[in-house]
Amino acid sequence: MAVLLIGYDVEADGAPQVTRGFLEAVRPLHQEFEAPCTLFLLGRVVEQNTDSLLPFVEDPLFDLQQHTYSHKLLKTVCMEDDAGQITVYQGASVQEIDEDVGRAQSVLKELLGVNPIGICGPYGYYRGLSDRPDVLEVLHHHGIRFLRTYSRNEKDFQPTSFSVQPFWYAPQGFPDMLEIPVQGYQDLYLRNTLGWNRTDLYIQRILRHLDAVAERNLVWSYCQHDHSNRGDEEMSIVRALLARARELGIQIMSHREFYETQKAS
């Protein structure tokens with residue numbers, strides 16, 4: 001069965017007008033297609049946009065999960081881009097992760113009445129957290145049961161192969177924790193590569209990916225950001241993705257719904 005999971009990283013810290021513009025566009029679009037999705041919310045952004053987010057709490061199409069409180073990385077990223085340039089983004093300590101994830105849990109519960117069981121790891125990482133059982137232990141302690149952290153290739157860059165499919169962290173000692181990888185490109189990288197004004201090329205690329213997902217019966221966790229709508233404020237990219245997914249008969253689910261189906265299988 002082919003599955004499309006759309007996850008939005010809502011992280012425009014200090015730019016509430018950007019987040020609110022995104023929220024005003026995303027809700028009617030998903031309601032039009034009756035398409036579930038997941039909002040991975042940065043804790044600080046929840047504080048800055050609580051009133052705008054409250055209508056999403058009771059909307060069954062929207063699954064609200066966390067993206068840490070202040071965007072601290074769950075592990076170090078050593079990124080080698082296509083030009084061979086290496087950039088290192090330092091991961092947080094286990095104590096810092098504990099504090100940041102715990103604070104995000106508290107903020108979402110206190111301001112939105114939501115208890116997240118899912119997290120999107122800032123920046124994303126090669127192999128997710130397969131090599132960090134210490135971090136998995138911290139997340140598990142805070143009630144996290146599904147993760148979207150595997151979103152880079154062996155160079156800590158893009159794209160991630162579609163052969164990387166959801167898997168359980170049983171070998172690390174956490175058989176109830178599911179990794180749901182982001183395949184292909186995160187939207188920011190692909191738009192930078194193609195040009196921010198070439199929305200047409202971007203749509204062509206992701207629709208080819210979607211055709212392959214349907215043909216091979218894959219799961220695709222697609223990543224988009226609240227601050228990536230520059231030049232596409234009407235969200236034509238996601239509209240095209242949803243329309244094609246419906247045409248192809250691909251099942252559209254939220255990340256939590258997918259986790260629950262996998263847990264029950």
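Calculation notes
Residues numbered from 1 in each chain as written. Predicted model: local features only at pLDDT ≥ 70, side-chain atom pairs only at ≥ 80, totals over all residues. Heavy atoms only, no water. Buried < 20%, exposed > 50% of the residue type's maximum accessible area, 1.4 Å probe, protein only. Helix = DSSP H or I, 4+ residues; strand = E, 2+ residues; numbered from the N terminus. Arc of directions from axis to C-beta. Phe/Tyr/Trp six-rings, centres within 6.5 Å; stacked < 30°, edge-to-face > 60°. Lys NZ or Arg CZ within 6 Å of the ring centre and 35° of its normal.

1. Details of helix H9 (residues 255-264)
Since there are 3.6 residues in each turn of an α-helix, residues three or four apart along the chain are aligned in direction.
And then number 1: All of the buried residues in H9 are His 255, Phe 258 and Tyr 259. Axial view of H9: buried residues confined to an arc of 100 degrees, hence all on one face.

2. A short note on the packing of aromatic side chains
And then number 1: Enumeration over the complete set of coordinates arrives at eleven aromatic pairs.
And then number 2: Centroid distance Tyr 150 to Phe 167: 6.3 Å. Interplanar angle 80 degrees. Geometry classified as edge-to-face. Highlighted residues: Tyr 150 in strand E7 (residues 146-152) and Phe 167 in strand E8 (residues 167-169), separated in sequence by 17 residues.
And then number 3: Note on Tyr 150: relative accessible area 11%, which makes it buried.
And then number 4: Pairing Phe 162 with Trp 220 gives two aromatic rings, centres 5.4 Å apart and planes at 70 degrees, and the pair type is edge-to-face. One end of the pair, Phe 162, is in the loop between E7 and E8; the other, Trp 220, is in strand E10 (residues 219-225), and 58 residues separate them in sequence.
And then number 5: The class of Phe 162 is buried, set by a relative accessible area of 12%.
And then number 6: One aromatic cluster is present, formed by Tyr 126, Tyr 150, Phe 167 and Tyr 169 through successive ring pairs.
And then number 7: The ring centre of Phe 56 lies 5.7 Å from the NZ or CZ of Arg 27, which sits over that ring.

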